Amino acid sequence: MENSFASIVGSAKSVLVLLPSKPYFDQVAAALSFYLAIKDKKEAAIVCPSLMIVEFNRLVGVNKISTEVGNKNLVMRFAGYKASDIEKVSYDVENGEFRLTVVPKTGFTSPKKEQIELSYSGISADTVVLIGGASAVHFPALSQELSGAKIVHIGTRGLSGEGAVLSFARPASSVSELVAQLLQEAGLAIDADIATNLLMGIEEGSRDYKGQDVTAETFETTATLLRAGGRRVVSAGPDKSTFPAGAIPGEIFQEPEKKEEPPKDWLEPKVYKGTSIS
């Protein structure tokens, strides 16, 4: 089918994976898994408008997530330098290399190296995949120029506020479960790292399989990921020693027993006196 997930991913040349603002652990696990599954086959990038928190560091590939969406146009800016001090800007090509020359007006100095700021703008990807989120406002990048890119959404519920999005949303215990199923439908390989990320995402998203959306398919998907080499990485809980006694719910607090000091005369030499002479 033309609009099947497999056909969309298969025909894409470059893919931008977008996470919503302040994403949940499950959403980050799902997005990273999809990115890892396509990065060697497509020109791919993964972006989140929010910085990653420490909790996400146990996910494979988390260092690949960028906060900058633009990847099409290089923008050079002179921070703190007045544009009126520039006489002209010219460029030429030397030995096949581009060279830009900034000429200041007489009596003015050129911009300093530390004033040069480089960034990117515009999106060159032909396919944009939104992971998670409930509304278009959760994805600030949608307000940028997408240059006719095909926009796809993957989540456990539809995305409101954006009509030009092709939705693959459907009920599941977690976004990670849904991504695992879509990767299989698209014939994309799931290696041990991807399977591990997805397992962690499913466990977090389903609240350790206690969520109301957990079904037989959830456990079937989990079994498939374990067979693919996925590892269950249990998050270490908080160090109980850092909490005051009795502060942890369900923990029985017992006061330490007080040791009574023995009487002083117990430690002194004993002298026994007889009362009769034999």
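Note that the coordinates shown come from a computational prediction; the quantities given were computed from them, not determined experimentally.

**Q** Break down the overall build of the protein for me, with residues and values.
**A** Counting its secondary structure elements, the protein contains five helices and 10 strands. Counting the 278 residues in the protein, one finds 38% classified as buried. With the model as given, the accessible surface of the protein reaches about 17800 Å², and the carbon-plus-sulfur share is 52%.

**Q** Help me get a handle on the nonpolar core, residues and values and all.
**A** Counting residues in each nonpolar core, the largest one holds 46 residues, and the members touching the most others are Phe-34, Ile-131 and Leu-183. Those elements that place two or more of their residues in this core are helix H1 (5-11), strand E1 (14-18), helix H2 (25-38), strand E8 (127-131), strand E9 (150-154), helix H3 (175-185) and helix H4 (192-205). Here this core takes 11 residues from H2, the largest share from any one element. With near-sequence residues (within four places) excluded, Leu-183 lies in contact with Ser-33, Phe-34, Ala-37, Leu-188, Ile-190, Ile-194 and Leu-198. Within the second largest apolar cluster, 15 residues are counted, among which are Leu-16, Leu-130, Ala-141 and Leu-159.

**Q** Describe the packing of aromatic side chains, and please don't skip the residues or the numbers.
**A** Applying the stated criterion across every chain yields a total of six aromatic pairs. Each ring, one from Phe-5 and one from Phe-34, has its centre 5.9 Å from the other, and the planes form 55°; the classification is tilted. Taken as a pair, Phe-5 in helix H1 and Phe-34 in helix H2 lie far apart in primary sequence, 29 residues in all. Take Phe-5: its relative accessible area is 5%, and that puts it in the buried class. Clustering of aromatic rings is evident, with ring pairs tying together Phe-5, Phe-34 and Phe-168.

**Q** Tell me about the pairing of strand E6 (residues 97-104), and name the residues and values.
**A** Pairing of strand E5 (residues 86-94) with E6, which is carried by eight bridges, proceeds in the antiparallel orientation. By the bridge assignment, Tyr-91 is partnered in E6 with Leu-100. Here E5 folds back onto E6, and the loop between the two strands holds two residues, one of which, Asn-95, carries a positive phi near 55°.

Definitions and limits used
Positions within a chain are numbered from 1, following the residues in the order the chain's sequence is written. Totals for whole chains, interfaces and linings use all residues, but because this is a predicted model, local features are given only for residues with pLDDT of at least 70 and pairs of side-chain atoms are given and counted only at 80 or more. Values reported for side chains reflect all heavy atoms of the structure, with hydrogen atoms and water molecules removed beforehand. Numbering of helices and strands runs from the N terminus; a helix is a DSSP stretch of H or I covering at least four residues, while a strand is a stretch of E covering at least two. Burial status follows relative accessibility: with a 1.4 Å probe on protein chains alone, a residue under 20% of its type maximum counts as buried, one over 50% as exposed, and anything between as partly exposed. Here, Shrake-Rupley sampling with a 1.4 Å probe gives the accessible areas, and only protein chains in the shown set may cover a residue. The term nonpolar core refers to a set of buried residues drawn from Ala, Val, Leu, Ile, Met, Phe, Trp, Tyr and Cys, joined through side-chain atoms within 4.5 Å. Residue contacts are defined here by distance: any two heavy atoms, one from each residue, within 4.5 Å place the two residues in contact. Here a Phe, Tyr or Trp ring, Trp counted by its six-membered ring, pairs with any other such ring whose centre lies within 6.5 Å, and the pair is stacked when the planes are under 30 degrees apart, edge-to-face when over 60, and tilted otherwise. Here, a strand pair is defined by DSSP locating no fewer than two bridges between the strands.

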